[in-house]
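Okay, here's what each chain looks like letter by letter:
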Amino acid sequence: MDRRSLIKKAGIASVLASGIAPAVHAQAAIRWRLASSFPKSLDTIYGGAETFANAVKAMSGGKFEISTHAAGELMPAFGVVDGVQQGTIECAHTAPYYFFGKDECFALGCAIPFGLNSRQMSAWMFEGNGLKLMREFYAKYNIINFPAGNTGAQMGGWFRKEVKSLADMKGLKFRIGGFGGRVIERIGGVPQNIPGGEIYQALEKGTIDAAEWVGPYDDLKLGFSKIAPNYYYPGWWEGGPELDVFINQKAYDGLSAENKAIVQAAASQAHVVMQSRYDAVNPGALKQLVGAGTKLRPFPADMMNASFKAAMDLYSELNAKNPSWKKIYADFSKFRAEQNLWFRFTEATFDRFMQAQKL
């Protein structure tokens, strides 16, 4: 052993013996802000953002933290896409169909009337072409999306007066989120797109005649049954609405490969947790509402049929004027047809049998 090698090894041994680790380049801590489109009082849907942020922090050992902010704290509920696009915030958690006014394609990333149920939506996103097609579209807004929640099929909402036929929809002012309002308008209603935290006041003041949100658990918290006793089903405009984490593309591109993987895994965790929570808490909340006098009612058949026809007509019109819609909807509708054929023989038949049994 030569003298130089001996000195080098002795130096390393001295450092290790002293308990001082050699200097390394530590990765800088990352601090992001997330704007939600939902109020904190709704622990299920706002909770999706918290699930995502908590998972990112845990998986990064605290080196990557995302603070979550309810609607109105950093920006209005419907301002989050602009915030992410412009880089005012790094990310948002929202229902993409809120932004159909920018382009109808936003709705395809969340829910459209008579679209996919929650399992089918996840299948299209993760195993079909959904994620690829939607990311191509969102790139125009400097956004990359990650599925991060689903409510499952929703209720049809709360109405002051009974809806006995399609004729009762004429002139009815109905708070409905997102793209479904386009169809409500075509069957005679007057859609109102109002953030969740403002619905009760509008219903109480008579600014609107009816309102839908998600389902029993959230609706019980929001207190709609105190004003409108008729609770309709199903919410045909959102059979499986997906919530997304929208991330500014530049911010995402600046992440290491490890942190990108953490973001993806955390969003997937939020995706599973949200629907699990809704499915777990909605039955008890529905029982509580009915016990307090809520009247459960199915939408009239003529309204359902007219709504379906109006939706299909709308999609045909959009195919003719919106090239992006035509491209994405062609894939979506083909996937929907195949899924419904499959579910017809499995899930739907099993569910109908089980729901007819005394358990």
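Criteria and thresholds
Residues numbered from 1 in each chain as written. Predicted model: local features only at pLDDT ≥ 70, side-chain atom pairs only at ≥ 80, totals over all residues. Heavy atoms only, no water. Patch = residues over 30% accessible without salt bridge, like charges linked within 9 Å, V, L, I, M, F, W, Y side chains within 5 Å. Areas by Shrake-Rupley, 256 points an atom, 1.4 Å probe, with all protein chains shown as cover. Salt bridge = Lys/Arg side-chain N within 4 Å of Asp/Glu carboxyl O. Helix = DSSP H or I, 4+ residues; strand = E, 2+ residues; numbered from the N terminus. Buried < 20%, exposed > 50% of the residue type's maximum accessible area, 1.4 Å probe, protein only. Pairing = 2+ DSSP bridges. Axes fitted to C-alpha atoms, helices over the stretch in contact; angles between N-to-C directions. Contact = heavy atoms within 4.5 Å. pLDDT = per-residue confidence, 0-100. Phe/Tyr/Trp six-rings, centres within 6.5 Å; stacked < 30°, edge-to-face > 60°. Lys NZ or Arg CZ within 6 Å of the ring centre and 35° of its normal. Expected span 1.5 Å × (residues − 1). Bend = angle between axes of the 7 residues up to and from the residue. Core = buried A, V, L, I, M, F, W, Y, C linked by side-chain atoms within 4.5 Å. Polar contact = N/O pair within 3.5 Å; in protein donor to acceptor, adjacent residues only side chain to side chain. Left-handed = near helix turned anticlockwise from the far one by under 90°. Nonpolar A, V, L, I, M, F, W, Y, C, P; charged D, E, K, R; others polar.

Some points on a nonpolar patch on the surface
Residues Phe-350, Phe-353, Met-354 and Leu-359 make up a contiguous nonpolar surface patch of roughly 480 Å² in combined accessible area. The residue Met-354 is located in helix 14 (residues 347-355) in this model. Judged by relative accessible area, Met-354 falls into the partly exposed class, the value being 30%.

Some remarks on the sheet that holds strand 10 (residues 242-248)
In space, the 5 strands of this open sheet follow the order 2-1-3-10-4, with mixed pairing throughout. Looking at strand neighbours, the two that pair on one side only are strand 2 (64-69) and strand 4 (143-150), the edges of this open sheet. If you compare each strand with its neighbour and ignore which way they point, the axes differ by 25° on average. Of the strands in this sheet, strand 1 (30-36), strand 2, strand 3 (91-94) and strand 10 touch helix 2 (residues 47-59), which is tilted by about 165° from strand 2. The strands touched by helix 11 (residues 257-291) within the sheet are strand 1, strand 2, strand 3, strand 4 and strand 10, with strand 4 carrying the most contacts at an inclination of about 30°.

What to know about the confidence of the model for the protein chain
With 92% of its residues at a pLDDT of 70 or more, the protein chain has an overall mean of 93. Segment residues 1-25: pLDDT under 50, and 3 contacts once partners within four positions in sequence are set aside and those in other chains are kept.

Description of the sheet that holds strand 7 (residues 190-192)
Here we have 6 strands laid out as an open sheet, ordered 7-6-8-5-9-11, and mixed in their pairing. The open sheet is flanked by strand 7 and strand 11 (295-298), the only strands paired with a single partner.

A look at the environment of Trp-124
Summarising the element assignment, Trp-124 is placed in helix 5 (residues 118-126). On the basis of relative accessibility, which here comes to 0%, the residue Trp-124 falls in the buried class. Considered as a pair, Trp-124 and Asp-331 are 207 residues apart in the sequence and their alpha carbons are 9.2 Å apart. Ignoring anything within four residues of it in the chain, the contact list for Trp-124 reads Leu-108, Leu-116, Asn-129, Gly-130, Leu-131, Leu-133, Met-134, Ile-328, Asp-331, Phe-332 and Phe-335.

Comments concerning the packing of aromatic side chains
In this description, a pair of aromatic rings is defined by centroid distance and the angle of the planes. Scanning all chains against the criterion turns up 32 aromatic pairs. Judged by centre distance (5.7 Å) and plane angle (35°), the rings of Phe-179 and Trp-325 are tilted. Of this pair, Phe-179 sits in the loop between strand 6 (173-175) and helix 7 (180-186) while Trp-325 sits in helix 13 (residues 323-345), and the two are 146 residues apart along the sequence. Judged by its relative accessible area of 0%, Trp-325 falls in the buried class. In this structure an aromatic cluster arises from ring pairing among Phe-38, Phe-78, Tyr-97, Tyr-98, Phe-99, Phe-106, Phe-137, Tyr-138, Tyr-141, Trp-213 and Phe-246. Over the face of the ring belonging to Phe-146 we find Arg-135, whose NZ or CZ atom lies 4.6 Å from the ring centre.

Let's talk about helix 11
Helix length check: helix 11 (35 residues) gives 52 Å between terminal C-alpha atoms against 51 Å at 1.5 Å per residue, within 8%. At Asn-282, helix 11 shows its largest bend, some 35°, and a proline, Pro-283, comes one to four positions later. Gly-293 sits one or two residues past helix 11 and shows a positive phi near 110°.

Notes on the nonpolar core
Counting 82 residues, the largest nonpolar core has Ile-45, Ile-112, Trp-124, Phe-159, Phe-179, Trp-213 and Trp-325 as its most contacted members. In this structure, Phe-159 is in contact with Met-169, Leu-172, Phe-174, Asp-209, Ala-210, Ala-228, Pro-229, Asn-230, Tyr-232 and Phe-299, ignoring residues within four places of it in sequence.

What to know about the side chain of Ser-118
Secondary-structure assignment places Ser-118 in helix 5. Separated by 2.9 Å, the side chains of Ser-118 and Gln-275 make a polar contact. Non-local contacts of Ser-118, meaning those with residues more than four positions away in its chain, are made with Asn-150, Gly-152, Gly-239, Gly-240 and Gln-275.

A closer look at the packing of helix 2 against helix 11
Axis separation between helix 2 and helix 11 bottoms out at 8 Å; the angle between their running directions is 140°. Like other packed secondary-structure pairs, helix 2 and helix 11 cross with a definite hand, here right-handed. In this structure, helix 2 uses Gly-47, Gly-48, Thr-51, Phe-52, Ala-55, Val-56 and Met-59 to contact helix 11, whose residues at the interface are Ile-262, Val-263, Ala-265, Ala-266, Ala-267, Gln-269, Ala-270, Val-273, Met-274 and Arg-277. Among the residues forming the contact of helix 2 with helix 11, the class breakdown is 12 nonpolar, 4 polar and 1 charged.

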